[in-house]
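A closer look at the structure
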Amino acid sequence: MGNKELELGFQKILEGNKSWVEFVKNDTSGRFQQLAKGQSPEILWIGCADSRVPANEIVGSRPGEVFVHRNIANMCVHSDMSMLSVLDYAVNVLKVKHIVVAGHYGCGGVAASLSRQQFGVIDNWLCHIKDVYRLHATEIDSITDHEEKVNRLIELNVKEQVFNLCTTSIVQNAWKNNQDLAVHGMVIDIATGKLIDLDNTFTGNETLGKVFAFK
C-alpha cells in the first residue's frame, strides 16, 4: 500500500467522523449532552477483538449503555491486568449488573489454537486456549468436521472464561457484598447476528467448587 492509499484511508476516517458529528449535532434527545457528563452502563461486555462483532450493535444498545473490553478470543486470564482493571472499574465503580463473555463462531484465534503452526507473539496468548482444548480433548477430538470442531471449542472456551471471571476476587467480593451481578456466557452467530445463550449464567459462587469459592 502506497502513501496515497494510506492518505485516502486516513481521510475516510476523518470523513466518517464528520458524519458522526452531524448526527450528534442534529440529535434532539439530549442523550449526547448527558453522556458528556458521565456514564452509567449496566453491561460489561468482554468480547473478541474481531471487527465483525461490535458489542453495541449486537445487543441493540446506544452509546453509554455498554462498557467494553475486547481481546483475541475473548479471554479472561487471571494475570491480565488490562482485563482485571476493566473488570474492577466496571464492577466496583460503574456497578454494572451484567457481565457478558461473548465468543463468536468462526473465531480465528480459536481456530489457530488448534493448529501446530507458529504465528508469532500471539502463540503465547493462544496457549490459554490450548489449555481449554486440553481439558476437553476427548470431546473435541471426537468431532470429525473441522468447522464443527472449532465452533465447539469456541463454546467451551466461553464457558471456561466465564468460570475464570467468576473466580476472580473482584466478582466474588461483589457477590459477598450482596451486589446484584450476573455473569453470562454467550456466542454470536455472525451470519445471522444472533446472540446465543449457552445457559452458562452465574449469580453467586456456590457452584464454583470449594477450592475456587472464597469465604
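Above this text is the structure in question.
Before going into details, it helps to say that this report is about the structure given with it. All values reported here derive from a predicted model rather than from experimental measurement.

A short note on the side chain of Asp123
Positionally, Asp123 belongs in helix 6 (residues 122-135). Buried charge Asp123 goes without a salt bridge, the closest partner of opposite sign being Lys130 at 7.0 Å.

Here's the deal with the environment of Ser85
Structurally, Ser85 can be placed in helix 4 (residues 81-92). Each C-alpha atom of the pair Ser85 and Val158 lies 20 Å from the other, and the pair is 73 residues apart in sequence.

Considerations on the pattern of salt bridges
Enumeration over the complete set of coordinates arrives at eight salt bridges. For Glu15, the salt bridge identified is with Lys18, shortest N-O distance 3.4 Å. Of this pair, Glu15 and Lys18 both sit in helix 1 (residues 3-26), three residues apart, roughly one helical turn. Between Arg52 and Asp50 there is a salt bridge; the shortest N-O distance is 2.7 Å. Each of Glu139, Arg152 and Glu155 takes part in salt bridges that share partners, so that together they form one network.

Some points on the sheet that holds strand 2 (residues 66-71)
With mixed pairing, the five strands of this open sheet are ordered in space as 2-1-3-4-5. Two strands close off the open sheet at either side, each with one partner strand: strand 2 and strand 5 (194-202). Averaged over all pairs of adjacent strands, the angle between their axes in this sheet comes to 25°, without regard to strand direction. As paired strands, strand 4 (residues 182-189) and strand 5 are joined by six bridges and run antiparallel to one another. The residue bridging Met186 from the neighbouring strand is Asp197, located in strand 5. Sheet strands touched by helix 4: strand 1 (43-48), strand 2 and strand 3 (98-104). Its angle to strand 2, the strand with the most contacts, is close to 170°.

The rules behind each value
Residues numbered from 1 in each chain as written. Predicted model: local features only at pLDDT ≥ 70, side-chain atom pairs only at ≥ 80, totals over all residues. Heavy atoms only, no water. Helix = DSSP H or I, 4+ residues; strand = E, 2+ residues; numbered from the N terminus. Buried < 20%, exposed > 50% of the residue type's maximum accessible area, 1.4 Å probe, protein only. Lys, Arg positive; Asp, Glu negative; His and termini not counted. Salt bridge = Lys/Arg side-chain N within 4 Å of Asp/Glu carboxyl O. Pairing = 2+ DSSP bridges. Axes fitted to C-alpha atoms, helices over the stretch in contact; angles between N-to-C directions. Contact = heavy atoms within 4.5 Å.

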